[in-house]
Amino acid sequence: MSVEKPIEWVMNSRARGLQTVSSAAEVIPLEVTRHVRQFHQQIPGYRMSPLKSLPRLADRIGVGGIWVKDESVRLDLRSFKVLGGSLREQLGDIVFAAATDGNHGRGVAWSAAQMGFKSIIYVHKLTSRSRIQAIEGVGAKVVVVDGNYDDAVRQVYQDAQQHGWQVVSDTAWEGYEEIPQWVMQGYTTMLSEAQEQLAGQGLSKPTHVLVQAGVGSLAAATIGFYYNLFGAERPWSVVVEPTKAACLYRSALIGDGKPYNVEGSLDTIMAGLACGDPNPIAWKILYDCADVFAACPDYVAAKGMRVYSVPLRGDPFLISGESGAVTLGALMYIMEYAGARRLREALHLDRDSQVLLINSEGNTSPDDFRSVVWEGSLPVPEQYKIYVAD
């Protein structure tokens, strides 16, 4: 039985070949990102999420620095998704609806409850009971759909049309584009915070950004934000997806500029990234700006979770869920796996590199978290274990 390689990738030469990119400026203009952060600062309980440094791990794998924007403590919701789910006030008597793997729906439900609105959240059949309870715990009604995440997206839109609900989705489709743009703009608060925090450490910007992707909205917001700030001098970027739900990787591999979906159960422990249909707005930014599209199997995310939770002496401890940890696992394999040598050389990853990661969720599914961290489920296959003598 063959074992999946720890990382597969495709370079996007288009990203560094374009003279100008309009897609990022159109969707997430810098002026809007400033207004978004001002809005978030007015939310009760707002504070910047921490930016944590892992200097010992950075030295061990051969980069200059690893910086982790730790969204696991954002407003006590254990997820960055509340930033995109924050809603406008004075909208009247509206029921908000969303499809989710857990985090986006909880952010929408929390935001709606803060302003006195009702919410109804659709989840797919593989959603863990703990994620459903977390959504219910902030006041939402939960509907379980017999299908995957993309089926839940289609069902909530259909039901919202019938009942007059307002859908708040982080993915777009024909006739529904404005709110997904607002959601993407909402994510930029964490990036402007990170820039401020890096400046406090004497760094003008990261040299590299690895960002996880489901439909691609977070990845596009991140990479587009840095393009708008720095243009051709922006950080090198890697978009990381689960192998079993790698719709952006597949789209890049086909390479004709169109977004393509992947079908099936999308059965991955990275529940927050288990999306088969790309957000077409996000895809346009990524096709123009992202340097690499990568796909990783579940054991890479599991390794990242364990490394965060059992750090080298002197590095901080982080609680990271499956979707939050995959970029750390991917970075370690890019630097240490012999089969990724061409990739790290193409990205100019070396001891001068300062790498930014986003821990997009904490322990949002306790049973799954314990299974990985306590019980050692999804171990690294023997042929892909990295042994480095101290």
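Residue numbering note: each chain is counted from 1, following its sequence as written. Where local features are concerned, this predicted model is filtered to residues with pLDDT of at least 70; where side-chain atom pairs are given and counted, the filter is 80 or more; whole-chain, interface and lining totals use all residues. Only hydrogens and water are set aside when side-chain values are computed; all heavy atoms of the structure are taken into account.

## A closer look at the overall build of the protein
Spelled out, the test is: Numbering of helices and strands runs from the N terminus, with a helix taken as a DSSP run of H or I at least four residues long and a strand as a DSSP run of E at least two residues long. We compute the radius of gyration from the C-alpha atoms alone; for a globule the expected value is 2.2 Å times N to the 0.38, where N is the number of residues. Accessible area is worked out with a 1.4 Å probe on protein chains only. A residue is then buried under 20% of its type maximum, exposed over 50%, and partly exposed in between. Contact between two residues is taken to exist if any of their heavy atoms lie within 4.5 Å; hydrogens are not considered. Only four residue types enter the charge count: Lys and Arg as positive, Asp and Glu as negative, with His and the chain ends excluded. Think of each charge as sitting on NZ of Lys, CZ of Arg, CG of Asp or CD of Glu.
In terms of regular secondary structure, the protein is built from 16 helices and 11 strands. Relative to the globule expectation of 21 Å for 390 residues, the C-alpha radius of gyration of the protein, 19 Å, shows essentially globular dimensions. When the backbone C-alpha atoms are referred to their principal axes, the protein occupies close to 60 × 45 × 40 Å. Here the protein holds 390 residues, and 60% of them are scored as buried. In the protein, the proportion of contacts linking residues at least 24 apart, taken out of those at least 6 apart, comes to 75%. Across the protein, 36 positive and 43 negative side-chain charges occur, with their mean positions spaced 4 Å apart.

## Remarks on the environment of Ala109
Take Ala109: it is sitting in helix 6 (residues 103-114). Along the sequence, Ala109 and Ile120 sit 11 residues apart, while their C-alpha atoms lie 7.6 Å from each other. Those residues in contact with Ala109, other than ones at most four positions away along the chain, are Ser119, Ile121, Ile135, Val138 and Ala140.

## Quick look at the pairing of strand 6 (residues 141-145)
This is how the line gets drawn: Strands are labelled as partners when DSSP assigns at least two bridges between them.
Relative to strand 6, strand 5 (residues 118-124) runs parallel, the two being bridged by 5 bridges. Across the sheet, Val123 pairs through a bridge with Val144, a residue of strand 6.

## Re the side chain of Thr188
Here is the rule: Polar contact is the term for a pair of N or O atoms within 3.5 Å; when the atoms are in protein, one must be able to donate a hydrogen and the other to accept it, and sequence-neighboring residues count only if both atoms are side-chain atoms.
Structurally, Thr188 can be placed in helix 9 (residues 178-199). Polar side-chain contacts of Thr188 include one of 2.6 Å to the backbone oxygen of Gln185. If we skip the residues at most four places from it in the chain, Thr188 touches Ile28, Thr33, Val36, Ala221 and Phe225.

## Notes on the nonpolar core
Going by this rule: Note on terminology: a nonpolar core comprises buried Ala, Val, Leu, Ile, Met, Phe, Trp, Tyr and Cys residues joined through side-chain atoms within 4.5 Å.
Core analysis: the biggest nonpolar cluster contains 80 residues, and Ile121, Met184, Val239, Leu248, Leu286 and Phe293 have the highest contact counts within it. Broken down by element, this core gets its largest block of residues, 8 residues, from helix 10 (residues 217-230). In this structure Leu248 touches Ala213, Gly214, Val215, Gly216, Val239, Glu241, Pro278, Trp283, Leu286 and Phe293, once residues within four positions along its chain are discounted. With 45 residues, the next largest nonpolar core counts Val238, Leu273, Tyr333 and Tyr337 among its residues.

## A short note on helix 3 (residues 30-41)
The periodicity of an α-helix, 3.6 residues per turn, causes residues three or four positions apart to be oriented the same way. Put simply, the rule is: Given a helix with a known number of residues, its expected span is that number minus one, times 1.5 Å. This arc is built from the directions going out from the helix axis to the C-beta atoms.
Taking 1.5 Å of rise per residue, the 12 residues of helix 3 would be expected to cover 16 Å, and the 17 Å separating its terminal C-alpha atoms lies within 8% of that figure. Turning to helix 3, its buried residues are Thr33, Val36, Arg37 and His40. One side of helix 3 carries all its buried residues, which in axial view fall inside an arc of 95°. Facing away from the buried surface of helix 3 by more than 90 degrees, the exposed residues are Glu31 and Arg34.

## Considerations on the state of the cysteines
Applied cut-off: Counting rule for disulfides: a pair of cysteine sulfur atoms within 2.5 Å.
Under the definition given, this model contains 0 disulfides. The thiol of Cys275 is unpaired, and the distance to the nearest cysteine sulfur, on Cys247, comes to 6.9 Å. A residue is classified by how much of its surface remains accessible, and Cys275, at 3% relative accessible area, is buried.

## Brief notes about the sheet that holds strand 6
Put simply, the test is: Simply put, an axis is a line fit to the C-alpha atoms, just over the touching stretch for a helix, and the angle between two N-to-C directions goes from 0 to 180 degrees.
Pairing is parallel in the open sheet, where 4 strands are placed in the order 6-5-4-7. Whereas interior strands pair on both sides, the edge strands pair on one side only; in this sheet they are strand 6 and strand 7 (166-167). In the sheet, strand 4 (residues 95-100) pairs with strand 5 via 6 bridges, with the strands oriented parallel. Paired with Ala97 across the two strands is Ile120, which belongs to strand 5. Packing of helix 7 (residues 129-136) onto the sheet brings it into contact with strand 4, strand 5 and strand 6, and relative to strand 6 it is tilted by some 150°.

## What to know about the environment of Ala97
With respect to the secondary-structure elements, Ala97 resides in strand 4. Judged by relative accessible area, which is 0%, Ala97 ranks as buried. Along the chain, Ala97 and Lys141 lie 44 residues apart, while their C-alpha atoms are 9.5 Å from each other. Contact partners of Ala97, with chain neighbours within four places excluded, come to Ile120, Val156, Trp165, Gln166, Val167 and Val168.

## Section: the packing of aromatic side chains
Where we set the bar: The rule is short: rings of Phe, Tyr and Trp, with Trp giving its six-membered ring, pair when the centres are within 6.5 Å, and they are stacked under 30 degrees, edge-to-face over 60, tilted in between. Note on geometry: a ring has a charge over it if NZ (lysine) or CZ (arginine) is within 6 Å of the ring centre and within 35 degrees of the ring normal.
A complete count under the given rule lists 12 aromatic pairs for this structure. Ring plane angle 15° and centroid distance 4.5 Å describe the contact between Trp173 and Tyr176, whose orientation is recorded as stacked. Residue classification places Tyr176 among the buried residues on the basis of a relative accessible area of 8%. Measuring from ring centre to ring centre gives 5.2 Å for Phe225 and Tyr226, while their planes differ by 85°; the resulting arrangement is edge-to-face. Comparing Phe225 with Tyr226, the two get one shared label, buried. A cation over an aromatic ring shows up here: Arg16 above the ring of Trp236, its NZ or CZ 4.3 Å from the ring centre. Looking at Lys205, its charged tip hangs above the ring of Phe230, at a distance of 5.2 Å from the centre.

## A few points about the pattern of salt bridges
Side chains that differ in charge, positive against negative, can pair when their charged atoms come close. Rules: By salt bridge we mean one thing: a side-chain nitrogen of Lys or Arg within 4 Å of a carboxyl oxygen of Asp or Glu.
This structure, assessed with the given rule, holds 15 salt bridges. Ionic pairing is found between Arg351 and Asp59, a salt bridge with its closest N-O pair at 3.3 Å. Pair noted here: Arg351 is in the loop between helix 15 (341-346) and strand 11 (354-359) and Asp59 is in helix 4 (residues 55-61), with a separation of 292 residues, a long-range link. Comparing Arg351 with Asp59, the two get one shared label, exposed. Ionic pairing is found between Glu345 and Arg341, a salt bridge with its closest N-O pair at 3.3 Å. Of this pair, Glu345 and Arg341 both sit in helix 15, 4 residues apart, roughly one helical turn. Classification of Glu345 by relative accessible area gives partly exposed; the value is 47%.

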